[in-house]
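If you want the building blocks of each chain, they are given just below.
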Amino acid sequence: MKLASAARLPSDVSRVQSRLRSRSGLGVETDVMLASHAVPTEDLVRVRRHLHRRPELSMVEHDTAAFVAAELEKLGLDRIRTAVGKTGVLGTLEGGRPGPVTLLRADMDALPIAELVETDYRSERAGAMHACGHDGHVSILLAAAKTLADRRAEVPGTIVFCFQPGEEGHAGNRLMIEDGALENPHVDRTFALHLYSGLDVGNVGVRDGAFFASADEFVIGLKGRGGHGAMPQNSIDPIVAGSYFVTMLQTIVSREIAPKDPAVFTVGKFEAGTTFNVIPDEATLMGTVRCFDAEIRASMPQRMERILKGLREAMRVEYELEYRWSYPPTVNDKAMNDLVRGVARDTLGADRLVEHDIVMWAEDMSFMQEQRAGAYFIVGARGGDATGVPHHNARFDIDERSLDVGYRMMVALGLRG
Ligand SMILES: [Zn+2]
Ligand SMILES: [Zn+2]
């Protein structure tokens, strides 16, 4: 693509700026669209704020799970299972019409972040914060469960409300599968949503095929020979070798993988040495690998190993590579995605449905979506600058009108055969 000419640039910039301005304050039209007396807005906000004040880290969501189970108890469901995958909760509702078994999922965990948002519902637990919006997910699914239980006669098939622990790096989804979450009843299809501060409130984003990346991890130990910083000839320097490795690693993406296939290597930790004039014995590197294609994903450890072997030959260091398979890419089923599209058009309007680009984060709902046809969609949670902060940031917050949108989507999906 050519560079924009100097004459065109200012008008392009002003067009983008005015688009951004109109995004930051939602118009009257959007407020009308979101307002509906059928939506339990007050409950959605109250429950979300209750959970926001009491964040719990991955796999110790005991209070949240107890709260969820107590709320589900009030609904007269057919079955409630607790302690599924350690702290997960499942509620089963048998509908009044024939139909498939549909699993609707919300994740419950918070992050080890000290909240910096100044609100009256800020975290009351030091060092823990709902900085990814999972408090909203739980609130949405509880409210949807209540409505669908009230409208049981209209519900096709069976709905399993799935409240999952440990999404943030602990594969709670896989633990729930291992504990039988997809059986009794046998789940046919799954739906999940994520509130997203990168999308304007009122909108829903979908994507066919891989939507979110895989996320795997590596730890590399490099062993050299320590010595005096002034006499490198007597040492084997693992810091220099490790530094070469960090840059060589990037050539996997830039020189070995087609530009059309997104992939990321990040070395997030490089630990070596103690002081300014000592060459250390060892260096340790840790990092993450992200991509969207199963074959490329499977090839990554061998590609890294090849570079490490070269490093051993070239720089005399010994190495150890520990590669940890974590979350697969989240792949959406086309038919399930079309159901989401239909529901979004009917409940929100066609202009609220966004065909979204890939998102580089990873999601453990990918485990369930490997086993069942599923659709994962994103729900816009940005209503201005304060709610446009990235996820996992200490200033993250959602525009709570997004709860209404998520609720309406989940209810409509539960009612769709
Ligand atoms: Zn997160
Ligand atoms: Zn999340």
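The numbering scheme is per chain: residues are counted from 1 as the chain's sequence reads. Both sets of labels track the order of writing: A upward for chains, 1 upward for ligands. Given that this is a predicted model, residues contribute local features only at a pLDDT of at least 70 and side-chain atom pairs are listed and counted only at 80 or more, while totals for whole chains, interfaces and linings are drawn from all residues.

### Re the sheet that holds strand β16 (residues 373-382)
Item 1. For two strands to count as paired, DSSP must find a minimum of two bridges between them. Helical segments are the DSSP runs of H or I of at least four residues, strand segments are the runs of E of at least two, and each set is numbered from the N terminus. Strand order across the open sheet formed by eight strands is β1-β2-β4-β3-β5-β16-β6-β15, with mixed pairing between neighbours. The open sheet terminates on both sides in strands that have one partner only, identified here as β1 (79-84) and β15 (353-355). The sheet shows a mean angle of 25 degrees between the axes of neighbouring strands, direction not considered.
Item 2. Here strand β6 (residues 204-206) runs beside β16; their pairing, made up of two bridges, is antiparallel. Within β16, the position partnered with Gly 205 by the bridge is Ile 378.
Item 3. This element, helix α5 (residues 134-150), spans β2 (88-94), β3 (97-107), β4 (156-164) and β5 (189-200) of the sheet and lies at about 155 degrees to β3.
Item 4. Throughout, a residue-residue contact means that the two C-beta atoms, derived from backbone geometry, are no farther apart than 7 Å. The angle between two axes is taken between their N-to-C directions and runs from 0 to 180 degrees, where each axis is a line fitted to C-alpha atoms and a helix contributes only its stretch in contact. Of the strands in this sheet, β5, β6, β15 and β16 touch helix α9 (residues 334-348), which is tilted by about 35 degrees from β16.

### Some thoughts on the nonpolar core
Item 1. By definition, a nonpolar core groups buried Ala, Val, Leu, Ile, Met, Phe, Trp, Tyr and Cys residues that connect through C-beta atoms lying within 7 Å of each other. The burial label depends on the number of other C-beta atoms within 10 Å of a residue's C-beta. Counts of 20 or more mean buried, 12 or fewer mean exposed, and intermediate counts mean partly exposed, with C-beta atoms placed from the backbone. In terms of nonpolar packing, the biggest core is built from 94 residues, with Leu 104, Leu 141, Ala 144, Phe 161, Phe 163 and Val 379 touching the most fellow members.
Item 2. No other element matches α5, which puts nine residues into this core.
Item 3. Of the residues that make up this core, three or more belong to each of domain 1 (6-211 + 329-414) and domain 2 (214-327).
Item 4. Other than its neighbours up to four places away in sequence, Ala 144 contacts Leu 104, Tyr 407, Met 410, Val 411 and Gly 414. Note that the domain bounds were set by an automatic or database domain assignment.

### As for the domain arrangement of the chain
Item 1. Considered domain by domain, the chain is made up of domain 1 (6-211 + 329-414) and domain 2 (214-327).
Item 2. The straight-line distance from the C-alpha centre of domain 1 to that of domain 2 is 37 Å.
Item 3. Each residue is assigned to one class: nonpolar for Ala, Val, Leu, Ile, Met, Phe, Trp, Tyr, Cys and Pro, charged for Asp, Glu, Lys and Arg, and polar for all the others, Gly among them. Looking at the side of domain 1 that touches domain 2 residue by residue, the class counts come to six nonpolar, one polar and two charged.

### Some words on the packing of helix α7 (residues 238-256) against helix α8 (residues 294-315)
Item 1. The geometry of α7 relative to α8 is characterised by a closest axis approach of 10 Å and an angle of 140 degrees between their N-to-C directions. Overall, the two elements α7 and α8 adopt an arrangement that is oblique. Two packed elements cross with a definite hand, and for α7 against α8 that hand is right-handed. Contact residues: α7 offers Ala 241, Tyr 244, Phe 245, Met 248, Leu 249, Ile 252 and Glu 256, while α8 offers Arg 303, Ile 307, Leu 311 and Met 315.
Item 2. Taken together, the residues of the contact of α7 with α8 break down into nine nonpolar, no polar and two charged. Oblique is the label for any angle not under 35 degrees, not over 145, and not in the 65 to 115 range, which are roughly parallel, roughly antiparallel and roughly perpendicular in turn. A clockwise turn of the near helix away from the far one marks a right-handed crossing, whereas an anticlockwise turn of less than a right angle marks a left-handed crossing.

### A look at the sheet that holds strand β10 (residues 263-272)
Item 1. Here four strands make up an open sheet; going across it, the order is β10-β12-β8-β13 and the pairing antiparallel. With partners counted over all chains shown, the strands left at the sheet margins are β10 and β13 (318-327), one partner each. Taking the axes of each pair of neighbouring strands and ignoring which way they run, one obtains an average angle of 15 degrees across the sheet.
Item 2. As defined by bridge partners, strand β8 (residues 215-223) adjoins β13 across eight bridges and the pair is classed as antiparallel. Across the sheet, the residue bridging to Glu 217 is Arg 324, located in β13.

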